[in-house]
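Report on the structure
Single-letter residue listing:
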Amino acid sequence: MNNYFRAGFVMGLVNLGLIPGLAAKTLTLKSGPKPGNPVFAFEPWHVSGPDKGTKTCPICKYGKIAAVQVWMNHDSSANILGLAQVLESEITKHGATKLKAFVVDYNATHKATAVVSRNLKELAAQATGPNVAFTYLSNFNDPAVEAYEINTKAAIKNTVIVYVNRKAVATFVNLQADNTGKSRLVTAINKAVAGFRRVE
């Protein structure tokens, strides 16, 4: 077996998930805007939070202050709720006039809109506080998915974007609600909030 064929054969096994350890090392998971890049206006439906029952644009209304968007791809409810709990705590700490947070379900699994809405309401009801807005996009092909450079592949469980003054401060892919993930998220939030305070 020559080197070219061997490399192709190995990558084929990786893509099939037959070499998971190698897959984790060789696949670079990219999703969301790079730090310094702008975040864009979009109009998701809010099923909870301060703008419940509306299609308020998070950027239009709150874009200058620090904020976090958690784009749900194929993540578990437990992990999303864990991240939401961290965000709720951070909003309590910094104040709702300094920090906002949004969970965005862009319907990665192509369900009917009514199903997405119902499932998200059920998820939001399990959240620990009133400040994190659970939102969804009616259409999987909403322009926001492309504008935010959201990677829709199944390997992407979530894309977490921290921003202030309408620019990304940090973007995380497959962020876990464990101690390491929480620490990384809180550090980015503190940086974003500090950035807002500098321009007040």
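Structure: see above.
Residues numbered from 1 in each chain as written. Predicted model: local features only at pLDDT ≥ 70, side-chain atom pairs only at ≥ 80, totals over all residues. Heavy atoms only, no water.

**Overview of unusual backbone geometry**
A positive phi angle, close to 60°, is found at His110, a residue other than glycine. Inspection of the secondary structure puts His110 in the loop between β3 (99-105) and α5 (113-125). Residue classification places His110 among the exposed residues on the basis of a relative accessible area of 52%. Positioned with a positive phi, Asn174 is a non-glycine residue whose angle comes to about 60°. (Helix = DSSP H or I, 4+ residues; strand = E, 2+ residues; numbered from the N terminus. Buried < 20%, exposed > 50% of the residue type's maximum accessible area, 1.4 Å probe, protein only.)

**Details of the pattern of salt bridges**
One pass over the full model with this rule turns up two salt bridges. In this structure, Lys61 engages Asp51 in a salt bridge whose closest nitrogen and oxygen atoms are separated by 2.8 Å. Highlighted residues: Lys61 in helix α3 (residues 58-62) and Asp51 in the loop between β1 (45-46) and α3, separated in sequence by 10 residues. The exposure class of Asp51 is buried, given its relative accessible area of 7%. Taking the shortest distance from any N to any O, the salt bridge between Glu90 and Lys93 comes out at 3.1 Å. A residue pair is termed a helical-turn pair when its members lie 3 or 4 positions apart in one helix, as Glu90 and Lys93 do in helix α4 (residues 77-94) at three residues. Glu90 gets classed as buried once you look at its relative accessible area, which sits at 5%. (Salt bridge = Lys/Arg side-chain N within 4 Å of Asp/Glu carboxyl O.)

**Points about the packing of aromatic side chains**
According to the stated counting rule, one finds seven aromatic pairs in the structure shown. Seen in terms of ring centroids, Tyr62 and Phe102 are 6.1 Å apart; in terms of plane orientation they differ by 35°. Their pairing is tilted. You can see Tyr62 sitting in helix α3 and its partner Phe102 sitting in strand β3, a full 40 residues away along the chain. We note that Tyr62, like Phe102, is buried. Feature note: the residues Phe40, Phe42, Trp71, Tyr106, Phe140 and Tyr148 constitute an aromatic cluster, connected by ring pairs. (Phe/Tyr/Trp six-rings, centres within 6.5 Å; stacked < 30°, edge-to-face > 60°.)

**Some remarks on the sheet that holds strand β2 (residues 66-72)**
Spatial strand order, β1-β4-β3-β2-β5-β6: six strands in an open sheet with mixed pairing. Only two strands of the sheet have a single neighbouring strand rather than two, namely β1 and β6 (167-173). Here two bridges tie β1 to strand β4 (residues 133-136), and the two strands are oriented antiparallel to one another. Note that in β4 the partner of His46 across the bridge is Thr135. Running at roughly 160° to β3, α4 makes contact with β2, β3, β4 and β5 (158-164) of the sheet. Packed onto the sheet, α5 meets β2, β3 and β4 and runs at close to 170° relative to β4. (Pairing = 2+ DSSP bridges. Contact = heavy atoms within 4.5 Å. Axes fitted to C-alpha atoms, helices over the stretch in contact; angles between N-to-C directions.)

**Considering α5**
With 13 residues, α5 should reach 18 Å at 1.5 Å per residue; the first-to-last C-alpha distance of 18 Å fits that figure. Of the positions making up α5, those classed as buried are Val116, Ser117, Leu120, Leu123 and Ala124. Along the long axis of α5, the arc covered by the buried residues comes to 130°, so they all point the same way. Every exposed residue of α5 that faces more than 90 degrees away from the buried side is listed here: Ala114 and Ala125. The inward-facing, buried residues of α5 contact β2, α4, β3 and β4. (Expected span 1.5 Å × (residues − 1). Arc of directions from axis to C-beta.)

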